[in-house]
Amino acid sequence: MLNATHEELLRRAKDLDPPTQHHIDGRSEAGDGGSFAVVSPRDGQHLVRVADAREAEVDLAVAAARRAFDTGPWPRLAPAERGRVLQRIADLLEERREELALTVSLEMGKPITDAYAIELRAAINTFRWYGQLADKLTDESPHTAPDSLALITREPAGVVGAVVPWNFPLTLAGWKVAPALATGCTVVLKPSENSPLSALLLGRIATEAGLPPGVLNVVTGDGPVAGRALGLHPDVDVLAFTGSTAVGRHFLRYAADSNLKRVWLELGGKSPNIILPDAPDLEKAAATAAWGIFFNQGEMCTAPSRLLVHSSIAEQVTEAVVARARELRVGDPLDPATEMGALVGDSHLARVLEHVASGLEEGARLRAGGGRTLPETGGSYLRPTVFDRVDPGMRLAREEIFGPVLSVLAFDDLDEAVRLANATEYGLAAGLWTSDLSTAHQVSRALKAGTVWVNCYEEGDLTVPFGGMKQSGNGRDKSAHAIDKYTELKTTWIQL
């Protein structure tokens with residue numbers, strides 16, 4: 001548990017000395033690409049300047065990962081030994097939990113309590129879980145004719161390029177890096193240019209934990225240069241990406257234009273959250289709807305941004321969400337009392353405000369928020385925002401906003417609710433609130449989403465897979481199913 005006051009955290013934040021150079025082949029590498037400024041969204045101030053990767057730096061990192069895979073010890077270690085290193089990474093993340101939480105809060109605006117209790121918990125658990133899984137994976141030997149023996153073996157796929165976003169910088173890095181390492185792959189990690197500092201720390205912690213040189217490399221830079229170079233690189237065997245659907249399309253093109261590397265995508269969402277009149281606890285349903293859209297400043301691909309409510313209870317539920325929006329404490333991410341921090345930066349805040357303006361222009365009713373707050377801080381803060389009377393054709397109901405903006409849509413029957421829920425190009429997640437078991441099963445099957453939460457939202461652990469349908473991507477993070485992305489199946493047929 002984080003045990004520090006706002007003043008103490010401010011002091012500790014000033015004492016942070018984050019790494020600013022790429023982590024390549026187990027050591028710091030300045031590179032020749034220059035540098036870029038990391039700006040904190042809490043106050044608009046520059047934190048540090050970080051090395052900016054060009055193609056040359058990406059080539060260095062991929063070459064290190066290639067050597068480590070082709071001739072290094074990591075793929076050839078016993079799985080239990082790899083697992084012990086991953087668990088040691090988890091231990092070191094735990095030891096440096098406050099430093100990492102402060103870093104995440106400073107670079108992307110997440111409240112320190114969430115960074116410490118949720119982000120770091122998830123990252124630590126991910127490395128520990130895959131460390132424990134590493135020596136429990138099994139190959140197959142199907143039954144064949146008596147004069148033959150068939151073996152189906154899993155082999156590490158090779159060099160993995162992992163490109164991750166800024167909203168959960170350590171958690172989402174862990175979801176890619178940990179299962180890839182567990183299988184014996186080597187990795188080049190490119191974090192978002194908005195949140196490079198925590199990823200650079202992760203690279204150094206992994207080396208300290210005993211990861212051989214070249215097994216995990218971290219390069220910092222922007223997507224159009226460093227990300228593109230990874231996507232096009234002929235020595236990258238697998239590309240795993242979490243981010244926008246538009247950028248996901250680029251990575252598919254990069255694969256087609258290079259070596260046809262496998263590309264695994266976890267993309268955007270416009271998740272519906274359906275509340276039926278027979279919900280077991282309407283008060284809890286409304287509170288969870290508010291929490292879901294305002295948690296992490298609404299900067300979540302799974303955010304339940306479309307609240308679908310039966311018309312008989314629509315006003316009651318909306319009033320409860322609006323009341324929560326008005327009382328939510330927006331403030332400095334380094335204040336433990338803050339419930340919603342800053343959006344990642346002014347450019348992103350401007351994009352969110354464009355969606356708010358479009359909602360007003362198209363005739364939706366603004367019930368709460370809708371504007372910037374705390375401008376005197378220099379930070380990128382937005383009031384929690386709620387619209388109702390939203391039409392399914394409005395931008396508010398169709399486009400991913402990635403901010404604390406909720407659209408309420410009313411429906412009259414269950415068939416209409418399912419139609420509205422599925423009326424999107426995305427298919428990442430959905431919520432359903434009902435007391436009827438048959439309804440829960442039938443609607444869950446009808447919803448085109450990779451995850452359906454019933455009478456809850458954002459629940460789960462590492463035993464279950466996570467990923468999307470339709471334009472929300474392919475493949476799965478988390479669980480043993482993530483191993484499929486980083487392994488190749490080989491058949492060996494032996495005639496006896």
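These figures come from a predicted structure and were not determined experimentally.

### Observations concerning the overall build of the protein
- The helix and strand tally for the protein stands at 15 helices and 22 strands.
- Its C-alpha radius of gyration of 23 Å places the protein within 12% of the 23 Å reference for a compact globule of 496 residues.
- Residue burial in the protein is summarised as follows: out of 496 residues, 57% are buried.
- Accessible surface for the protein amounts to roughly 19,500 Å². Of this, 51% is attributable to carbon and sulfur atoms.
- Distance between charge centroids for the protein: 1 Å, based on 50 positive and 65 negative side chains.

### What about the sheet that holds strand 20 (residues 451-454)?
- Taken together, the seven strands give an open sheet; going across it, the order is 13-16-17-12-11-19-20, and neighbouring strands pair in mixed fashion. Only two strands of the sheet have a single partner each, and these edge strands are strand 13 (365-368) and strand 20. Strand-to-strand twist of the sheet, defined as the mean angle between neighbouring strand axes without regard to direction, takes the value 20°.
- Here five bridges tie strand 12 (residues 306-310) to strand 17 (residues 405-411), and the two strands are oriented parallel to one another. Across the sheet, Leu 308 pairs through a bridge with Leu 409, a residue of strand 17.
- Here helix 12 (residues 346-362) sits on the sheet in contact with strand 13, strand 16 (385-388) and strand 17, set at roughly 25° to strand 16.
- Lying on the sheet, helix 15 (residues 437-446) is in contact with strand 11 (272-275), strand 19 (429-433) and strand 20; it crosses strand 19 at an angle near 160°.

### Re helix 9 (residues 245-257)
- Given a rise of 1.5 Å per residue, 13 residues ought to cover 18 Å, and the 19 Å separating the end C-alpha atoms of helix 9 matches this to within 8%.
- Residues Thr 245, Gly 248, Phe 251, Tyr 254 and Ala 255 constitute the buried set of helix 9. Taken end-on, helix 9 shows its buried residues confined to a sector of 160°, consistent with a single buried face. Across from the buried face of helix 9, at angles greater than 90 degrees, the exposed residues are Ala 256 and Asp 257.
- In this fold, the buried residues of helix 9 make contact with strand 6 (159-163), helix 8 (223-232), strand 9 (238-242), strand 10 (262-266) and strand 18 (426-427).

### Regarding the UniProt feature "domain: Aldehyde dehydrogenase" (unreviewed entry) in the protein
- With numbering aligned to this structure, UniProt lists the feature "domain: Aldehyde dehydrogenase" (unreviewed entry) at residues 33-491.
- Here residues 33-491 runs as 40% helix and 19% strand, with 44 Å between its end C-alpha atoms.

### Brief notes about the nonpolar core
- Formed by 104 residues in total, the largest nonpolar core has its most connected members in Leu 189 and Ile 275.
- Ignoring anything within four residues of it in the chain, the contact list for Ile 275 reads Leu 282, Ala 285, Leu 307, Leu 308, Val 309, His 310, Ile 313, Val 317, Phe 411 and Trp 433.
- If you look at the next biggest cluster of nonpolar residues, it comprises 27 residues, including Leu 343, Val 356, Phe 387 and Ala 449.

### Details of a nonpolar patch on the surface
- Together, Leu 149, Ile 494 and Leu 496 make up a nonpolar patch on the protein surface, roughly 260 Å² of accessible area in all.
- If you trace the backbone, Ile 494 turns up in strand 22 (residues 487-495).
- Look at Ile 494 and you get partly exposed, because its relative accessible area is 33%.

### Considering the pattern of salt bridges
- Scanning the entire structure with this criterion turns up 30 salt bridges.
- The residue Arg 365 makes a salt bridge to Asp 388 at a minimum N-O spacing of 2.8 Å. Here the residue Arg 365 occupies a position in strand 13, and Asp 388 occupies one in strand 16, the gap between them amounting to 23 residues.
- Classification of Arg 365 by relative accessible area gives partly exposed; the value is 29%.

### Let's talk about the packing of helix 3 (residues 79-95) against helix 7 (residues 196-208)
- Contact pair helix 3 / helix 7: the axes reach a minimum separation of 9 Å and the direction vectors enclose 125°. The pairing of helix 3 with helix 7 is recorded here as oblique in orientation. You can see that helix 3 and helix 7 cross each other, and the crossing is right-handed. Between helix 3 and helix 7, the residues in contact are Ile 89, Leu 92 and Leu 93 and Leu 202, Ile 205, Ala 206 and Glu 208, respectively.
- A breakdown of the residues in the contact of helix 3 with helix 7 according to their chemical character gives six nonpolar, no polar and one charged.

### Section: helix 8
- Those residues of helix 8 that sit buried are Ala 226, Gly 227, Ala 229, Leu 230 and Gly 231.
- As for helix 8, its buried residues are in contact with helix 2 (55-70), strand 6, strand 7 (186-190), strand 9 and helix 9.
- Backbone nitrogen of Val 225 and a side-chain oxygen of the N-cap are separated by 3.2 Å at the start of helix 8; the cap is Asp 222.

### A few points about the side chain of Ser 407
- Take Ser 407: it is sitting in strand 17.
- Beyond its immediate chain neighbours, meaning those up to four positions away, Ser 407 contacts Ser 305, Arg 306, Leu 307, Phe 387, Val 390, Leu 396 and Ala 397.

### What about the packing of helix 4 (residues 97-108) against helix 5 (residues 112-133)?
- One way to put it is that helix 4 packs onto helix 5 with a least axis distance of 9 Å and a crossing angle of 115°. Between helix 4 and helix 5 lies a crossing of right-handed hand. Within the contact between the two elements, helix 4 uses Arg 97, Glu 98, Leu 100, Ala 101, Leu 102, Val 104 and Ser 105 and helix 5 uses Ile 112, Ala 115, Tyr 116, Ala 117, Leu 120, Arg 121 and Ile 124.
- Of the residues in the contact of helix 4 with helix 5, the class split is ten nonpolar, one polar and three charged.

### Some points on the UniProt feature "active site" (unreviewed entry) in the protein
- According to UniProt, the "active site" (unreviewed entry) feature falls on Glu 266.
- Structurally, Glu 266 can be placed in strand 10.
- Residues contacting Glu 266, with those up to four places away along its chain left out, are Lys 176, Phe 241, Thr 242, Gly 243, Cys 301, Leu 428, Phe 466, Ser 472 and Asp 477.

### Re unusual backbone geometry
- Despite not being glycine, Asp 25 shows a phi value in the positive range, around 60°.
- Tracing the backbone shows Asp 25 in the loop between strand 1 (22-24) and strand 2 (27-29).

About the thresholds
- Residues numbered from 1 in each chain as written.
- Predicted model: local features only at pLDDT ≥ 70, side-chain atom pairs only at ≥ 80, totals over all residues.
- Heavy atoms only, no water.
- Helix = DSSP H or I, 4+ residues; strand = E, 2+ residues; numbered from the N terminus.
- Rg over C-alpha atoms; globule rule 2.2 N^0.38 Å.
- Buried < 20%, exposed > 50% of the residue type's maximum accessible area, 1.4 Å probe, protein only.
- Areas by Shrake-Rupley, 256 points an atom, 1.4 Å probe, with all protein chains shown as cover.
- Lys, Arg positive; Asp, Glu negative; His and termini not counted.
- Charge placed at Lys NZ, Arg CZ, Asp CG, Glu CD.
- Pairing = 2+ DSSP bridges.
- Axes fitted to C-alpha atoms, helices over the stretch in contact; angles between N-to-C directions.
- Contact = heavy atoms within 4.5 Å.
- Expected span 1.5 Å × (residues − 1).
- Arc of directions from axis to C-beta.
- UniProt positions renumbered as here; feature names shortened; annotations may be inferred.
- Core = buried A, V, L, I, M, F, W, Y, C linked by side-chain atoms within 4.5 Å.
- Patch = residues over 30% accessible without salt bridge, like charges linked within 9 Å, V, L, I, M, F, W, Y side chains within 5 Å.
- Salt bridge = Lys/Arg side-chain N within 4 Å of Asp/Glu carboxyl O.
- Parallel < 35°, antiparallel > 145°, perpendicular 65-115°, else oblique.
- Left-handed = near helix turned anticlockwise from the far one by under 90°.
- Nonpolar A, V, L, I, M, F, W, Y, C, P; charged D, E, K, R; others polar.
- Polar contact = N/O pair within 3.5 Å; in protein donor to acceptor, adjacent residues only side chain to side chain.

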